[in-house]
Amino acid sequence: MTVFVRARVEVRAGRQAEFEEIARALLQRAKDELGTLTYRFFPAGDGAYLVIEEYADAQALGAHQEGAGDLLARVEECAENFSVELYGPIGSELSAWVESNPQATAYPDADFSG
C-alpha cells in the first residue's frame, strides 16, 4: 500500500540558492529510486516550499531516507522551519523515527471496515 509524504520547508534567509541546488539533486536521485512514485516541489510563499512524495510502500520510503540522507540533512541545515507528515502504513521503523522527531507527524489509513 502506498505511503504519502508532505513536507514544508521554510528556507533561512541567504540560503535560497543552496536549497534550490539541494532540491535539484533530490529530484534527480528520486528519478532513480525504485518505489518512488512521486517527488515534487511547490513554492509556498516567500522562501517556503512544499514537497509532495509518494512511495510504493514503507520500504521504498525508508530506502529514500537512507539513500538521500546526506541531502536531507543539508535541507534541514538550510531550513528555518521544517515539518513533515507521513500518511499510510509506515511500519514500525518509520513510526519510531516519527516519535523521535517533533517536526514529524504520522497519519495511518482510516479503517472503515466496521
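Right, let's walk through the structure included here. (Residues numbered from 1 in each chain as written. Predicted model: local features only at pLDDT ≥ 70, side-chain atom pairs only at ≥ 80, totals over all residues. Heavy atoms only, no water.)

### Structural notes on the side chain of Glu53
Argument step 1. Relative to the helices and strands, Glu53 resides in strand S3 (residues 48-55).
Argument step 2. The side chain of Glu53 is buried and forms no salt bridge, while Arg6, the nearest opposite charge, is found at 11 Å.
Argument step 3. In this structure the side chain of Glu53 is engaged in a polar contact, spanning 2.4 Å, whose partner is the side chain of Tyr55.
Argument step 4. Excluding its chain neighbours within four sequence positions, the residues that come into contact with Glu53 are Val3, Phe4, Val5, Thr38, Tyr39 and His64. (Helix = DSSP H or I, 4+ residues; strand = E, 2+ residues; numbered from the N terminus. Buried < 20%, exposed > 50% of the residue type's maximum accessible area, 1.4 Å probe, protein only. Lys, Arg positive; Asp, Glu negative; His and termini not counted. Salt bridge = Lys/Arg side-chain N within 4 Å of Asp/Glu carboxyl O. Polar contact = N/O pair within 3.5 Å; in protein donor to acceptor, adjacent residues only side chain to side chain. Contact = heavy atoms within 4.5 Å.)

### Section: the sheet that holds S3
Argument step 1. Taken in spatial order, the five strands make up an open sheet running S2-S3-S1-S4-S5, and their pairing is mixed. Of all the strands in the sheet, just strand S2 (36-43) and strand S5 (104-107) have a single pairing partner and so form its edges. Strand-to-strand twist across the sheet, computed as the mean angle between neighbouring axes with direction ignored, equals 15 degrees.
Argument step 2. Direction of pairing for strand S1 (residues 3-11) relative to S3: antiparallel, over a ladder of eight bridges. Within S3, the position partnered with Val9 by the bridge is Tyr49.
Argument step 3. Strands S1, S2 and S3 of the sheet are contacted by helix H1 (residues 16-32), whose axis makes an angle of about 160 degrees with S2. (Pairing = 2+ DSSP bridges. Axes fitted to C-alpha atoms, helices over the stretch in contact; angles between N-to-C directions.)

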